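# Structure at a glance
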Amino acid sequence: MDNQAFEMHGERIQSPSKGKEWPRKEERKGSWSLMKIFLVCLLACVITTAIGVLVLSLVYTSTTGIVKEVSMKDDGASSTKPDEKSVDVKFQFLNHLTKSKVFNFAGGEIQWARFRNDVNEYENDEEMEFGKSINNHRSSMTFGTLRIKSKGLRVPHWHFNANEHGYLQQGTAWIGVIGADDSTVTTYNVTAGQVIFFPRNTVHWIKNVGTEDCLFLLFFTTHEELQTLDVDDAFFSTPEDIAARALKPRGGVNFIRTFKKQVEDQAVNLPPNLDELVKSADYVQSPDHLVWQYFYNLKGSREYHFPGGIFQWARYRRNSTGLNETEKIFSESLNKHENTLTLATLRIFSNQLGQPHFHFNANEMGYVISGCGQAGVITSSGAVSSFNIGIGDVIFFPVGTQHYLKSICDEDLLLILAYSTGDQLETLRMTDYFHATADHILAQIFFKEQDEFQKFPKSKK
């Protein structure tokens, strides 16, 4: 026999030459079985881990999508639904104010074209598009109409975050303004076509002293939600003992306790028993040097004619050229306060054009008082939109966007406009920049022979 190990009847035989033992057959089989079990377990672990990772990835992606959707809805700026139809781009520049919510009070009503933090407060998608637009462009403007019934009162109040500029479209009102300097009170009467101005944080009120409704067109210098506090709300929010110590009435705190807060909001107030409450009322007119800080006779101001229409301005002028003494007071008052507006009435004659132009230093917002027209705008992104406008519509043109207005009916188109600058307005018209460009430059960009541009009449300065 060879000197090698072998097995007989399952017994281990030593190899004489090597002195080693060979494993039995059963032990070799057992080793391979353990190895197979180990490999199967390892493979099972790998497969299980892979499946777990895949499941977690799918869950995370799905959850992230849900959270993102909720987040977008919550911030009110980017909430869109897959089946939600897109809103026409024109509503970035147009608000049909007559379709907005009417806030009713005993003494009148208010409507708004403004940004809202809560998207659920918008009446429709078009209104929301306009609100987002004036906020995204940081327009520094909010618009509202205030209608006050005869004898009604917009109660004394102040705005924390905005100056207020107003134009009285109809009616007669008595205005009160309490200045910061030694509590000086200025009161004056205002009639249709005149302008009012209330600096931020000045207490003011508006009382209808005529027989017909007053209708004010109001611009506020904020693109955020307007923050306002009425005097009655301030009073009832003050602890009774503090109010008694501050106001020092006869009867002290017991007298303060006789005041009862009304259930209904008194922002525009008209008590049913007003004649019993008020025995006499004087509507005093303060001296001109006080009044004209907060008042401007726009309808009586100088008219600026252009081909197709007329402008009248309530604005600051650097050199006061063409202003009388009272107009100078108003001009300086605008310049004294920060973030004021420039107001104007624009009348475009029947079927005439306010030519394309843009403003270097101001956003523009307007309200259609009468007539019908068409507006067109080209934005910085290249978007182009044109749309019809009518009575009660609010329009908005961001700074630098070229726009035009034209009358398209037999009646003149009349608007009240506000510009977001208290400085002089800087404007460039299409005729000016077109005619100021060298004809060889125009020939090159329009692929037309240079002589062709002689057909355009040169502007007259």
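You'll find the structure just up there.
Residues numbered from 1 in each chain as written. Predicted model: local features only at pLDDT ≥ 70, side-chain atom pairs only at ≥ 80, totals over all residues. Heavy atoms only, no water.

## Concerning the side chain of His165
For the record, the criterion: Only DSSP runs of H or I with at least four residues qualify as helices, and only runs of E with at least two residues qualify as strands; both kinds are numbered from the N terminus onward. Each residue's exposure class comes from its accessible area (1.4 Å probe, protein chains only) as a fraction of the maximum for that residue type: buried when under 20%, exposed when over 50%, partly exposed otherwise. Contacts are assigned to residue pairs with any non-hydrogen atoms lying within 4.5 Å of each other.
Residue position: His165 is located in strand β6 (residues 164-170). Given a relative accessible area of 1%, His165 falls into the buried group. If near-sequence neighbours (up to four positions away) are discounted, His165 is found in contact with Ile196, Phe197, Leu217, Leu218, Phe219, Thr221, Leu334, Thr340, Leu341 and Leu343.

## Describing the nonpolar core
How we decide: Residues grouped as a nonpolar core are buried Ala, Val, Leu, Ile, Met, Phe, Trp, Tyr and Cys residues, joined through side-chain atoms within 4.5 Å.
Judged by nonpolar contacts, the single largest core of 54 residues is most densely connected at Phe143, Ile175, Tyr188, Ile206, Phe216, Met365 and Ile416. Counting 22 residues, the second largest nonpolar core, distinct from the first, contains Val368, Ile389, Ile395 and Leu425.

## Quick look at the packing of aromatic side chains
Spelled out, the test is: Stacked, edge-to-face and tilted labels apply to pairs of Phe, Tyr and Trp rings (six-membered ring for Trp) whose centres lie within 6.5 Å, assigned for plane angles under 30 degrees, over 60, and everything in between, in that order. Comment: the charge-over-ring label is applied if NZ (Lys) or CZ (Arg) is within 6 Å of the ring centre and within 35 degrees of the ring normal.
Summed over the entire model, instances satisfying the criterion amount to 23 aromatic pairs. Taken together, a centroid distance of 5.1 Å and an interplanar angle of 90 degrees make the contact between Trp292 and Phe295 edge-to-face. Both residues of the pair, Trp292 and Phe295, count as buried. Members of the aromatic cluster, connected to one another through ring pairs, are Tyr188, Trp292, Phe295, Tyr296 and Phe330. For the cation-ring pair, Arg315 lies above Tyr304, with the distance from its terminal atom to the ring centre recorded as 5.9 Å. Of note, Arg315 hangs over the ring of Trp313, and the distance from its end group to the ring centre comes to 4.4 Å.

## Focus on empty space enclosed by the protein
Put simply, the rule is: Whether a set of points on the 1 Å grid over the protein atoms alone is a cavity depends on a 1.4 Å probe fitting there but being unable to get out, while an open set qualifies as a pocket with protein on both sides within 12 Å along at least five of seven lines; lining residues are those with an atom within 4 Å of a point. Grid points are joined across faces, edges and corners, and a volume is the space filled by probe spheres set on the points. The classification used treats Ala, Val, Leu, Ile, Met, Phe, Trp, Tyr, Cys and Pro as nonpolar, Asp, Glu, Lys and Arg as charged, and all other residues, Gly among them, as polar.
In total, this model carries two cavities of 30 Å³ or more according to the counting rule given. Estimates place the volume of the largest cavity at around 90 Å³. When its residues are assigned to classes, the lining of the largest cavity shows five nonpolar, three polar and four charged. As a volume, the second largest cavity reaches approximately 60 Å³. Forming the boundary of the second largest cavity are Phe434, His435, Asp439, Leu442, Phe453, Gln454, Phe456 and Lys458. Of all elements in the fold, only α9 (430-435) and α10 (439-446) reach the threshold of two or more residues within the lining of the second largest cavity. Within the lining of the second largest cavity, the residues separate by chemical class into four nonpolar, two polar and two charged.

Honestly, that's just the spatial picture; any functional story needs more than this.
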